[in-house]
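Residue-level structure breakdown
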Amino acid sequence: VWANDNSFGRKDWIKFMRSYIRVVISHFKDSVTDWDVVNEALDWPFDDSQPAFLRDTIWLQKIGPRYIEIAYRTAKRVGTRFSDDFRTAWNDFAIDNINPKSNLAFDIIQDLNSRHPGTVTTMGFQAHFGGPPAPFSLIRDNYKRFKELNLSLIQTELDIWHKDPIEPGFYDEQAFIYKQLVLLSIRFGFDAIITWGMTDAQSWVPQFFATDPNLSGRDYPLLYDENFLPKPAFYSFVEAFTQTDFVFGHNFPKKQSGVLTSVGWTLAKGGKLLTWIRPSVCGDYKLRIEAAGTPEDFVFPM
């Protein structure tokens, strides 16, 4: 293919990348809120004693480390022609707590935004967890430092899996983790929580890990089981938004009025869509069920 043509030099590759970014943003300008400009830019051997580094992509090979800055600045320059609120996201996995990979992401974004303010506006935490995550204090402190960079925060691919066979208490543990992560997200004003799929029957986890004998058997990561029935995690997830007394001192009523302006999370339930929303106008959260085009407030059965 043309990408393997060694006659192209660095300037050509920069031109290719800028052209691609311009075409995509110009085409989808009205339908995207947060642009994942450079996805999964970093690599790391999941060992706290080892450093993280830039992933070995064709862009790194052909342009060098500065390709990240060029991509984000190009996206920002093109996007602001269409919207004053154009948002560029950094999205990656294994950056949910403080570790070498999240440290490197933090350093790159801090440096880039200090030299070119507003180049990266949104931080996307993929939030894939295999059982209990790192101590919640490390996740909390990580969210805090990225928030202090004046970034919008999003959980982009949340799921919590387990290895076969299911051990007693797993579903309760999974429910607890989901609820704590939602509470932390509310505390730091996340704009959205997106689960990576709707039911266990559709999850990416079993197939992805099946080829590795040391990792195969991982499954059951989502809020609904393979029969589309809600798991304990579903109720704890909803409860985090609907309870009126949060441990962090927040108070969100069960029923609210107002215009829905941004959808953060959706799933199918009995032919309806369940969505949690954070309208940018008031900053509150709400749950709403939409059926046949008619929205109605969802009240969690206490």
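Now for a description of the structure that goes with this document. (Residues numbered from 1 in each chain as written. Predicted model: local features only at pLDDT ≥ 70, side-chain atom pairs only at ≥ 80, totals over all residues. Heavy atoms only, no water.)

1. Quick notes on the packing of aromatic side chains
Heads up, the condition is: Centre distance within 6.5 Å is the pairing criterion for rings of Phe, Tyr and Trp, where only the six-membered ring of Trp is used; planes under 30 degrees apart are then read as stacked, over 60 as edge-to-face, and the remainder as tilted. Throughout, exposure labels follow a simple rule: accessible area from a 1.4 Å probe, protein chains only, divided by the maximum for the residue type, with under 20% read as buried, over 50% as exposed, and the rest as partly exposed. Each helix is a run of H or I in the DSSP string that is no shorter than four residues. Each strand is a run of E no shorter than two, and both are numbered from the N terminus. For a lysine, the NZ atom is tested; for an arginine, the CZ atom; a charge sits over a ring if that atom is within 6 Å of the ring centre and within 35 degrees of the ring normal.
Tallied over the full model, the rule gives 23 aromatic pairs. Look at Phe 8 and Phe 16: their rings are 5.0 Å apart centre to centre, the planes differ by 85°, and that puts the pair in the edge-to-face class. Residue Phe 16 is classed as partly exposed on the basis of its relative accessible area of 25%. Judged by centre distance (5.0 Å) and plane angle (55°), the ring pair of Phe 125 and Tyr 143 falls under tilted. With Phe 125 in strand 5 (residues 122–125) and Tyr 143 in helix 5 (residues 136–147), this pair connects stretches of sequence that are 18 residues apart. Since its relative accessible area comes to 0%, Phe 125 is described here as buried. Lying across the ring of Phe 93, Lys 101 places its NZ or CZ 3.4 Å from the centre. Sitting over the ring of Phe 106, Arg 145 keeps its end group 5.0 Å from the ring centre.

2. Some thoughts on unusual backbone geometry
Positive phi, close to 50°, is recorded for Glu 40, a residue that is not glycine. Here Glu 40 is to be found in the loop between strand 1 (34–39) and strand 2 (42–43). In this model, Asn 150 sits at a positive phi of 65°, which is unusual for a non-glycine residue. Relative to the elements of secondary structure, Asn 150 occurs in the loop between helix 5 and strand 7 (152–163).

Any link to function would need more than the numbers given here.
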